[in-house]
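Residue-level listing of the chains:
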Amino acid sequence: MTSLDLPPLLSARYRRAAERVAGLPAALRDDAARVGVVSDFVLGVLERQPDALAERLADPADLDAGTLAARLSLEGLSEAEAMARLRRVRSVEAARLAWRDLTGASSVEQSLADLSTLADALIRSALANAAERLAPRLGVPVDETGEAAPLLVVAMGKLGGRELNFSSDVDLVFLRPDDAVLEGGGDVEGYYRRLAQHLIRLLDQPTDDGYVLRVDTRLRPFGQSGPLVVGVSAFESYLVQHARDWERYAYVKARLVTGERYAPVLFDEILTPYVYRRYLDYGVFDALRHMKRLISQDVTRKDLADDIKLGPGGIREIEFVVQAFQLVRGGRDPLLRTPSLLEALPRLADERGIGHEGVEQLARAYAFLRTVENRLQAMDDRQTHALPADGETRARLAYALGEADWAHFAAGLDRHRRAVEAVFDRVAWDGRGDRAAGADAAFETAIEAWDARDYAALVAGTPLAGREETERQLAALREGSLYRRMDEQSRRRLAAAVVRTIPLAARAANPDAALARVFSVYRAICRRSAYLALLNENPPALERLVTLAAQSALFARQIAEHPLLLDELLDARIFDTPPSRPELAKMLEQRLARAGDDVEARLEAMRQFQRTAVFRVAIADRLGHLPLMKVSDRLTDIAELVLELALDMAWRELTAKHGRPMYGEPPNLREAGFAVIGYGKLGGLELGYASDLDLVFLHDSSGSHQETSGDRPLDNTRFFSRLVQRLIHFLTIQTSSGRLYEVDTRLRPSGRAGLMVASLESFRRYQRTEAWVWEHQALLRSRSLAGSRSIRDAFERERREILVGHVNRARLKEEIAGMRARMRAELSQSRDGEFDLKQDPGGLTDVEFLVDYLVLRHAPEFPALVEYPDNVRQIEALEAAGLVPAERAERLTSAYLALRRRLHELALDERGRVVSAEELADVRAFVTACWEEVFG
């Protein structure tokens, strides 16, 4: 309500209201009259309890639960006295909140929260009074430890979400602890039943002072026919065995009002697993459409077109959309596990949810509709959602909403409701193509052909018609043992997916291969058919799956092994926008935020991030949106981000137990540093899809004191050894999400015979006096990755000094040529007429060893040659130094990239590294000529 001039229709109401509040303090009279134009309820409270309401109106603060609880203390009061106090306090507080809402002193969000705080306090006070009056007759229930075992009041609906409106019912479910007994013996079930009945009477029974809250208990197990109070274990059994689809929606809103110490059992062990599936539960949308149809029938039957809650584009549709996505995605995203719509809605503003525009439209509509609902109900403290039909009441509502007149209000309402309907239809229907997709005659005919095992009819009219291999694959899927073990719902979902897949696969260059790969995914996900529902609900995602399967066997295998990757196919950008390093870091950060502080959850988030990120890079690689060098950069970025996180987790875990590693001469101790050094493909920024992580670990601890600072100290050598063991464990442990990386630590000083973690000084001494030529070759492909900045900088300086001044150049050519000869003989996988792209003459390793030799040979004269650890930039440095002619450097780089590119392609098709001898013959000849020119 604003300071708009009163319309003529309301002038008389204003005068009457002004007369009724003439006794109020002058500062309140005008606002009271204006509020009174809208709300007869507030006027009534002002007349019945003027002093109490005036005192509360003088308090500008939001409702305080502690102060409210003190004012609602019912200790020692009879039932009648308790009823009177509850009702009077409720009337005053509700009138104050209506006043604040109507005068604009409180936002709609704050009003909803305050009304929920008020309801919570009223329920708790009433329950305490009921228990106090039952105690002399029936005793007090306690648990097995002797602690009081309270009635568990579970708030549902808007109260559960802390978004209660003025005159809403409160939906409550009553539970009792399983181990509760009465101190004096007796019927504990009967006690809780009576307690709940007393509570309901205190709140719900009308008296001369009105009522407190209308209580609805129909959401309890088995509804009105079920017991009023249910034991926690019986409640769990009911959810598992008897609960219906709509109850999952209902329990999204569940919140404990009393007995909060039971929350871990009730939510972590019972409700969260029931409500939120661990996988992407797109089967929810079938239930969403079913509920929408029922509501539409109800609206038509009861003429609810003007109902802002149940009518088209109303509050209920917004709630259903948000709750549907909470059910779909909440199993993977803990941030969506909230009973509050206002908290959940902004978290759906991405391509996999409702989208930014959809969220904004729903948020605006929800705020508008809830404001209308609040002000409509504040008129007479009556539960209603129907828009008024008479002119004066319409004028009052428009005035309360700050609208010029009813026409302006109605136009705005219509815009919001149409926006809500559009979002609802897009979520529930448009993803499937159109509303008639399931009833389309051709679609139904294809389903019938599948059911009848008439595979020729199923593919008739498509490019797959008449292909024996296609029909064989369909038969294998339809008639196999897996299909026979599926339930009916899963079979229906598989049939729909197969029918939709056939025309998509038919467009592929090799349709049988595409079909076989997609069917391998279907076999993997049939047991969790919600993944099939995901594809049926999102035709663009299904099309992307078929496209990827046609492109690469690796994609199909990765999705089959990790069905959570199907979630990535919902994002249209996956084919167009390769991820950057900042985007990858943000992806990991978001997953960690959802995981919280739990170590296992963070590890699982890390593994899922790595799978998803590599998958996205591979797609960009295969579709040509990411150049080869950038592919390796992104794969390296992913490994580095994972490594940094794993190290941070291992460090925190060990320092929490043993303190920080300190070293030096007492009392001047310093914290020892630790660093991870990457070698090989990781060190050289050339990581591939199946590359190991070659790692070396260094520390700088020295001196007479080397021990951690905690209550359970370790010497630093043991501390760092355990740190590395933990780090490697995090990176290599086999879990349900697979293994992250294979880790190779054999490049450490003295190889397997050496310590797992070397001091910086021992590393320096070894590399200068004992290292073999091949170890200096390895050092050329190294760089610091994570850990202490001072050690990382010291390593980089030492690396340059060793490579420039401490390589055995007298035997350099002989050692490199000999090692390369042994590798060709022992590691080549080719046979006659074939070419091993990596190990055969003219292959990738020849280029790498050739560059190694030239860089190490000339590093003393040209130290800049060792600045970078990767082959391409080292070739550029050789050219800049005049050691390799420009044209040869360019051809050498092109040859190197061509070989790597082909290896990437083969990796994506899971075809090893061997090709026919004719393939890349020009590249092979050029590299061989370069090798022979240098090595003879």
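Just above sits the structure.
Residues numbered from 1 in each chain as written. Predicted model: local features only at pLDDT ≥ 70, side-chain atom pairs only at ≥ 80, totals over all residues. Heavy atoms only, no water.

Engineer: Sorry if this is basic, but what is going on with the overall build of the protein chain here?
Structural biologist: Counting its regular elements, the protein chain contains 40 helices and 17 strands. Contacts spanning at least 24 positions in sequence make up 73% of the contacts within the protein chain whose residues lie at least 6 apart. Summed over its atoms, the accessible surface of the protein chain is roughly 39,400 Å², and 49% of this surface lies on carbon and sulfur atoms. Averaging the positions of the 128 positive and the 142 negative side-chain charges in the protein chain gives two centres separated by 1 Å. (Helix = DSSP H or I, 4+ residues; strand = E, 2+ residues; numbered from the N terminus. Contact = heavy atoms within 4.5 Å. Areas by Shrake-Rupley, 256 points an atom, 1.4 Å probe, with all protein chains shown as cover. Lys, Arg positive; Asp, Glu negative; His and termini not counted. Charge placed at Lys NZ, Arg CZ, Asp CG, Glu CD.)

Engineer: Even after reading the chapter, I still don't get the pairing of strand 3 (residues 170–176), so can you show me in this structure?
Structural biologist: Along any regular strand, the residues point their side chains to alternate faces of the sheet. The element strand 3 is largely enclosed, with a buried count of 7 among its 7 residues. Neither face of strand 3 is left uncovered, since the one carrying V170, L172, F174 and R176 and the one carrying D171, V173 and L175 both have all their residues buried. Pairing of strand 2 (residues 152–155) with strand 3 involves 4 bridges; the strand directions are antiparallel. Bridging across to strand 3, V154 finds its partner in V173. Bridge count between strand 3 and strand 5 (residues 215–216): 2 bridges; the pairing is parallel. Bridge assignment links D171 to a residue of strand 5, and that residue is D216. Both strand 3 and strand 6 (residues 229–231) contribute to a ladder of 3 bridges, which runs parallel. From the neighbouring strand, R176 faces strand 6, where its bridge partner is G231. (Buried < 20%, exposed > 50% of the residue type's maximum accessible area, 1.4 Å probe, protein only. Pairing = 2+ DSSP bridges.)

Engineer: Please clarify how helix 33 (residues 760–769) should be interpreted in this entry.
Structural biologist: Since there are 3.6 residues in each turn of an α-helix, residues three or four apart along the chain are aligned in direction. Those residues of helix 33 that fall on the buried side of the exposure criterion are L760, F763, Y766 and Q767. In an axial view of helix 33, the angular spread of the buried residues amounts to 130 degrees, which keeps them on one side of the axis. For helix 33, the elements touching its buried residues are strand 10 (674–679), strand 11 (693–699), strand 14 (757–759), helix 34 (773–780) and helix 35 (789–805). (Arc of directions from axis to C-beta.)

Engineer: Whenever I open this one, helix 9 (residues 188–204) confuses me. Can you help?
Structural biologist: Its 17 residues place the ends of helix 9 24 Å apart at the C-alpha level, agreeing with the 24 Å of an ideal helix rising 1.5 Å per residue. Within helix 9, the full set of buried residues consists of V188, G190, Y191, Y192, L195, A196, H198, L199, I200, L202 and L203. Its side-chain oxygen 3.2 Å from the backbone nitrogen of E189, D187 forms the N-cap of helix 9. (Expected span 1.5 Å × (residues − 1). Polar contact = N/O pair within 3.5 Å; in protein donor to acceptor, adjacent residues only side chain to side chain.)

Engineer: I tried to follow the pattern of salt bridges on my own but got confused; where do I start?
Structural biologist: Here the idea is simple: oppositely charged side chains can pair when their charged atoms come close. A complete count under the given rule lists 63 salt bridges for this structure. A salt bridge links R255 to D120, with the nearest nitrogen and oxygen atoms 3.0 Å apart. Here D120 lies in helix 7 (residues 108–138) and R255 lies in strand 7 (residues 255–256), a separation of 135 residues in the sequence. With respect to burial, R255 and D120 carry one shared label: buried. Where R726 meets E653, a salt bridge forms, and the shortest distance between an N and an O atom there is 2.6 Å. You can see R726 sitting in helix 32 (residues 716–732) and its partner E653 sitting in helix 30 (residues 628–658), a full 73 residues away along the chain. Connected through salt bridges with shared partners, the residues R581, R634, D637, E640, E644 and R783 form a single ionic network. (Salt bridge = Lys/Arg side-chain N within 4 Å of Asp/Glu carboxyl O.)

Engineer: What is the right way to look at a negative patch on the surface in this model?
Structural biologist: A cluster of acidic side chains, namely E444, E448, D451, D487 and E488, defines a negative patch on the protein surface. Considering each element in turn, the negative patch owes the most residues, 3 residues, to helix 19 (residues 441–451). Within the fold, D451 resides in helix 19. The class of D451 is partly exposed, set by a relative accessible area of 43%. (Patch = residues over 30% accessible without salt bridge, like charges linked within 9 Å, V, L, I, M, F, W, Y side chains within 5 Å.)

Engineer: For this particular structure, what's the right way to read the nonpolar core?
Structural biologist: Membership of the largest hydrophobic core comes to 257 residues, with the highest contact counts inside it found for L151, F174, Y251, L494, Y522, F674 and L695. For this core, the leading source of residues is helix 30, giving 14 residues. Counting 58 residues, the second largest nonpolar core, distinct from the first, contains L628, V696, L892 and L899. (Core = buried A, V, L, I, M, F, W, Y, C linked by side-chain atoms within 4.5 Å.)

Engineer: Looking at this model, I keep getting lost on the packing of aromatic side chains. Mind explaining?
Structural biologist: Centre distance and the angle of the planes are the two values used to describe a pair of aromatic rings. Tallying each qualifying case throughout the model produces 16 aromatic pairs. Aromatic side chains F222 and Y238 sit 4.7 Å apart centroid to centroid with 70 degrees between the ring planes, which places their arrangement in the edge-to-face category. Pair noted here: F222 is in the loop between strand 5 and strand 6 and Y238 is in helix 10 (residues 232–241), with a separation of 16 residues, a long-range link. Sitting over the face of the ring of Y211, R90 holds its NZ or CZ atom 5.0 Å from the ring centroid. The residue whose ring lies beneath R824 is W931, and the NZ or CZ to ring-centre distance is 5.1 Å. (Phe/Tyr/Trp six-rings, centres within 6.5 Å; stacked < 30°, edge-to-face > 60°. Lys NZ or Arg CZ within 6 Å of the ring centre and 35° of its normal.)

Engineer: Sorry, what's going on with the side chain of E775 here?
Structural biologist: Assignment of secondary structure puts E775 in helix 34. Among buried Asp, Glu, Lys and Arg side chains, E775 stands out as unpaired, with R748 the closest opposite charge at 9.8 Å. Leaving out residues up to four positions away in the same chain, E775 has contacts with R748, S750, Y766 and E770.

Engineer: Hey, could you run me through unusual backbone geometry in this one?
Structural biologist: What you tend to see is this: most non-glycine residues have negative phi, and most peptide bonds are trans. The peptide bond linking P666 to P667 adopts the cis configuration, its omega dihedral lying at 5 degrees. By the element assignment, P667 lies in the loop between strand 8 (661–665) and strand 9 (668–671). A positive phi angle, close to 65 degrees, is found at F222, a residue other than glycine. Judged by relative accessible area, which is 44%, F222 ranks as partly exposed. Phi is positive for L685, close to 60 degrees, though the residue is something other than glycine. Secondary-structure assignment places L685 in the loop between helix 31 (680–683) and strand 11.

Engineer: Where do I start with the environment of R718 in this structure?
Structural biologist: Tracing the backbone through its elements, the reader meets R718 in helix 32. Residue classification places R718 among the partly exposed positions, given a relative accessible area of 43%.

Engineer: Could you clarify how one ought to interpret the side chain of T501 in this entry?
Structural biologist: Mapped onto the elements of the fold, T501 is located in helix 23 (residues 488–506). Residue T501 is classed as buried on the basis of its relative accessible area, which comes to 0%. Non-local contacts of T501, meaning those with residues more than four positions away in its chain, are made with L515, V518, Y522, L542 and V546.

Engineer: Hey, could you run me through a positive patch on the surface in this one?
Structural biologist: A cluster of basic residues, K657, R712, R718 and R722, forms a positive patch at the surface. Here K657 lies in helix 30.

Engineer: Please clarify how the environment of V614 should be interpreted in this entry.
Structural biologist: You can see V614 is positioned in helix 29 (residues 599–622). On the accessibility criterion, V614 (11% relative accessible area) is buried. Distance in space between the C-alpha atoms of V614 and Y689 is 7.7 Å, their sequence separation being 75 residues. Excluding anything up to four places from it in sequence, V614 contacts Q558, L635, I638 and Y689.

Engineer: Is there a simple way to explain the pairing of strand 10 in this structure?
Structural biologist: Burial of strand 10 is extensive: 6 of the 6 residues sit out of reach of the surface. Burial along strand 10 is two-sided: the face carrying F674, V676 and G678 and the face carrying A675, I677 and Y679 are both buried. Taken together, the 4 bridges between strand 10 and strand 15 (residues 783–787) define a ladder with antiparallel strand orientation. When the bridges of strand 15 are listed, A675 appears paired with G787.

Engineer: What is the right way to look at the packing of helix 37 (residues 844–858) against helix 38 (residues 871–880) in this model?
Structural biologist: The relative placement of two packed helices is expressed as an angle between their axes plus a distance between the axes. Where helix 37 meets helix 38, the closest approach of the two axes is 10 Å, and the angle between their N-to-C directions is 45 degrees. The angle between helix 37 and helix 38 falls in the class oblique. Helix 38 is crossed by helix 37, and the crossing has left-handed handedness. Here helix 37 contributes E848, V851, L854 and V855 to the contact with helix 38, which in turn contributes N871, Q874, I875 and L878. Here the residues of the contact of helix 37 with helix 38 sort into 5 nonpolar, 2 polar and 1 charged. (Axes fitted to C-alpha atoms, helices over the stretch in contact; angles between N-to-C directions. Parallel < 35°, antiparallel > 145°, perpendicular 65-115°, else oblique. Left-handed = near helix turned anticlockwise from the far one by under 90°. Nonpolar A, V, L, I, M, F, W, Y, C, P; charged D, E, K, R; others polar.)

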